[in-house]
Amino acid sequence: GTDIHGWVDRTAAVSMDVGDILVYYLAPNDSLSQVSNRIARWELPPNAGAWEGVAHTYPRAGRVQSASAALERAAAVAGGRRKASNLWVQQGILWQEAGEQDQAIAGYHRALDVWPKNIEALRSLGTFLLTHGQPAAAEAYLETAKQAAADQERAASSARKAYSWETLVSGTRALFRLNASK
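Bear in mind that the values here come from a model prediction, so they are computed numbers and not experimental data.

*Asks:* For this particular structure, what's the right way to read the nonpolar core?
*Replies:* A general feature of soluble globular proteins is that nonpolar side chains tend to end up buried together. Counting residues in each nonpolar core, the largest one holds 30 residues, and the members touching the most others are Leu 87 and Tyr 108. In contact with Tyr 108, not counting residues within four places along its chain, are Trp 88, Val 89, Gly 92, Ile 93, Gln 96, Ala 121, Ser 124, Leu 125 and Phe 128.

What follows is the structure, given as structure tokens:
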């Protein structure tokens with residue numbers, strides 16, 4: 001037989017992404033402790049991408065609780081508010097698809113605790129509440145999502161304008177330097 005762990009050890013040291021390795025060799029019935037042991041044995045740094053990949057293998061095997069726990073681990077090592085918040089949104093969606101309303105709402109709230117302007121969290125929670133007979137609560141989240149989207153668009157537009165202005169100024173300065181050197 002093939003020594004798959006030895007091959008992964010060597011390959012991981014060379015080039016493969018941690019998430020790719022774990023997802024490729026993870027059996028959907030592996031426990032989170034087995035996955036953690038693999039990470040430790042292979043001396044791979046825990047990262048959000050790895051745990052997110054692990055989380056996506058579990059629902060296919062009907063292991064929503066394990067997928068949720070893997071997303072929690074991913075959020076814990078995400079390295080940024082937005083990434084962590086988006087992972088909590090994924091957890092909310094996971095629980096929503098599993099029909100677990102309270103856990104879905106908790107996932108969306110965790111996302112908003114980490115990053116209050118997360119448009120996807122606001123939209124997902126608002127839509128969830130609307131479809132579950134809570135239109136007044138839904139309206140507040142959906143309106144906040146709309147405002148956050150407008151704010152992000154204004155910020156992006158300002159950044160594009162600033163970049164264009166800086167590019168124009170830099171080009172003009174370079175042109176003046178060129179003309180002055182003649």
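*Asks:* Mind showing me how you'd approach the side chain of Ser 85 here?
*Replies:* Within the secondary structure, Ser 85 is located in helix 6 (residues 81–97). On the accessibility criterion, Ser 85 (0% relative accessible area) is buried. A polar contact is formed between the side chain of Ser 85 and the side chain of Asn 118, at a distance of 2.7 Å. Non-local contacts of Ser 85, meaning those with residues more than four positions away in its chain, are made with Ala 111, Val 114, Trp 115 and Asn 118.

*Asks:* Where do I start with the confidence of the model for the chain in this structure?
*Replies:* If pLDDT is low for a region, its predicted coordinates should not be looked at in detail. For the chain, per-residue confidence averages 78 on the pLDDT scale, and 65% of positions sit at 70 or higher. In this model, residues 1–16 is a region of pLDDT below 50 whose contacts with residues beyond four sequence positions or in other chains number 14 contacts.

*Asks:* What is the right way to look at the pattern of salt bridges in this model?
*Replies:* When their charged atoms lie close together, side chains carrying opposite charge are able to pair. Scanning the entire structure with this criterion turns up three salt bridges. Here Glu 52 makes a salt bridge to Lys 83, at a shortest N to O gap of 2.8 Å. Of this pair, Glu 52 sits in helix 4 (residues 48–57) while Lys 83 sits in helix 6, and the two are 31 residues apart along the sequence. In this structure Glu 52 comes out as buried when scored by relative accessible area, which is 16%. For Lys 83, a relative accessible area of 34% corresponds to the partly exposed category. Notably, a salt bridge pairs Arg 123 with Glu 120, separated by 2.5 Å at the nearest N-O pair. Of the two residues, Arg 123 and Glu 120 are both situated in helix 8 (residues 119–131); the distance of three residues between them amounts to about one turn of the helix. Its relative accessible area of 38% is what places Arg 123 among the partly exposed residues. Given a relative accessible area of 31%, Glu 120 falls into the partly exposed group.

Reading the values: the criteria
Residues numbered from 1 in each chain as written. Predicted model: local features only at pLDDT ≥ 70, side-chain atom pairs only at ≥ 80, totals over all residues. Heavy atoms only, no water. Core = buried A, V, L, I, M, F, W, Y, C linked by side-chain atoms within 4.5 Å. Buried < 20%, exposed > 50% of the residue type's maximum accessible area, 1.4 Å probe, protein only. Contact = heavy atoms within 4.5 Å. Helix = DSSP H or I, 4+ residues; strand = E, 2+ residues; numbered from the N terminus. Polar contact = N/O pair within 3.5 Å; in protein donor to acceptor, adjacent residues only side chain to side chain. pLDDT = per-residue confidence, 0-100. Salt bridge = Lys/Arg side-chain N within 4 Å of Asp/Glu carboxyl O.

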